[in-house]
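For reference, the chains in residue letters:
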Amino acid sequence: MNKKIVIIPIVIIIGIFIMNFLSEESDEKNNVVFHVTLADPNLYIDGVYSDTFEIASGEYSFRFVPNGSSPEILSISLNGEKIDFSEDFKLQSTLHETGISQYFTWEYIGQKEISISENQQIIITINPNGNVMGSVSIDILQN
């Protein structure tokens, strides 16, 4: 009987945790309006990746998943009827020392927030500035 009293609250807490985790994950997936993983040189035409997508008015931000081989400078432009955005994102590495090991993390530095004034079709152009072998994932998220 005592074991049931202890196990029931633990199961309920674990269930709440799992439900919360799954809810956050699905919310994050729902606000992605553009995604591309550039890991293959064949995705580029003359060294540049380009695509078209629809976007609604609102506030957006870029999210990157870079690594040590990602392009040092990633030039991104968004062009549409009511937007003309361009940014050269610079890859920054940060050394982390834990006492028993060292490792790096990477982050693109630049203007990551954009505002879209009205619904429109956007042309995104991504230029890795010659580094078509380095991989990077790029998302545009609705805030």
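The structure we're discussing is the one just above.
Residues numbered from 1 in each chain as written. Predicted model: local features only at pLDDT ≥ 70, side-chain atom pairs only at ≥ 80, totals over all residues. Heavy atoms only, no water.

Colleague: Please clarify how the overall build of the protein should be interpreted in this entry.
Modeller: Check the secondary structure of the protein and you find 1 helix and 9 strands. Reading the protein from its N end, one meets helices and strands in the order α-β-β-β-β-β-β-β-β-β. Relative to all contacts within the protein whose residues are 6 or more apart in sequence, the contacts with residues 24 or more apart total 73%. As displayed, the protein has an accessible area near 9400 Å², and 56% of this comes from carbon and sulfur atoms. (Helix = DSSP H or I, 4+ residues; strand = E, 2+ residues; numbered from the N terminus. Contact = heavy atoms within 4.5 Å. Areas by Shrake-Rupley, 256 points an atom, 1.4 Å probe, with all protein chains shown as cover.)

Colleague: Looking at this model, I keep getting lost on the side chain of Ser 70. Mind explaining?
Modeller: By the secondary structure assignment, Ser 70 is in the loop between β3 (58-66) and β4 (73-79). According to the relative accessible area criterion, Ser 70 is buried, its value standing at 2%. A polar contact of 2.8 Å, which involves the side chain of Ser 70, links it to the backbone nitrogen of Asn 67. A polar contact is formed between the side chain of Ser 70 and the backbone oxygen of Ser 135, at a distance of 2.5 Å. Filtering out sequence-adjacent residues up to four positions away, Ser 70 remains in contact with Leu 91, Tyr 108, Asn 131, Gly 134, Ser 135 and Val 136. (Buried < 20%, exposed > 50% of the residue type's maximum accessible area, 1.4 Å probe, protein only. Polar contact = N/O pair within 3.5 Å; in protein donor to acceptor, adjacent residues only side chain to side chain.)

Colleague: Help me understand the packing of aromatic side chains, please; the structure alone is not making it clear to me.
Modeller: Given two aromatic rings, their pairing is described by the distance between the two centres and the angle made by the two planes. The final tally for this structure, using the stated rule, is 7 aromatic pairs. Ring centres of Phe 62 and Phe 85 lie 5.7 Å apart, and the angle between their planes is 25°; this geometry places the pair in the stacked category. One end of the pair, Phe 62, is in strand β3; the other, Phe 85, is in strand β5 (residues 84-97), with 23 residues separating them in the sequence. Take Phe 85: its relative accessible area is 7%, and that puts it in the buried class. What links up through ring pairs into an aromatic cluster is the set Phe 62, Phe 64, Phe 85, Phe 89 and Tyr 108. (Phe/Tyr/Trp six-rings, centres within 6.5 Å; stacked < 30°, edge-to-face > 60°.)

Colleague: I would appreciate a short explanation of the nonpolar core in the present structure.
Modeller: Across soluble globular proteins, nonpolar side chains have a tendency to be buried as a group. Among the nonpolar cores identified, the biggest contains 25 residues, and Phe 62, Leu 74, Ile 76, Ile 126 and Ile 138 are the most heavily contacted of them. Of all the elements in the fold, those that place two or more residues in this core are β1 (32-38), β2 (49-55), β3, β4, β5, β7 (113-116), β8 (120-127) and β9 (136-142). (Core = buried A, V, L, I, M, F, W, Y, C linked by side-chain atoms within 4.5 Å.)

Colleague: I would appreciate a short explanation of the sheet that holds strand β6 (residues 102-109) in the present structure.
Modeller: Two pairing modes exist for strands in a sheet, parallel and antiparallel, and in both the strands are linked by backbone hydrogen bonds. Reading across the sheet, the 5 strands line up as β2-β8-β4-β5-β6 and stay open at both edges, with antiparallel pairing between neighbours. Each having just a single partner strand, β2 and β6 make up the two edges of the open sheet. Neighbouring strand axes in the sheet, compared pairwise and without regard to direction, differ in orientation by 20° on average. With 7 bridges connecting them, β4 and β5 associate as antiparallel partners. Among the inter-strand pairings, Leu 74 is bridged to a residue of β5, identified as Phe 89. (Pairing = 2+ DSSP bridges. Axes fitted to C-alpha atoms, helices over the stretch in contact; angles between N-to-C directions.)

Colleague: Looking at this structure, how should I read the pairing of β3?
Modeller: The side chains of a regular strand alternate, residue by residue, between the two faces of the sheet. Where β3 and β7 come together, 4 bridges link them in antiparallel fashion. Across the sheet, Gly 58 pairs through a bridge with Ile 116, a residue of β7.

Colleague: In this structure, what is going on with unusual backbone geometry? I would like to understand it.
Modeller: Note on backbone geometry: most residues besides glycine have negative phi, and most peptide bonds are trans. With a phi close to 55°, Asp 46 is a non-glycine residue in the positive phi region. Mapped onto the elements, Asp 46 comes out in the loop between β1 and β2. When its relative accessible area of 79% is taken as the criterion, Asp 46 is described as exposed.

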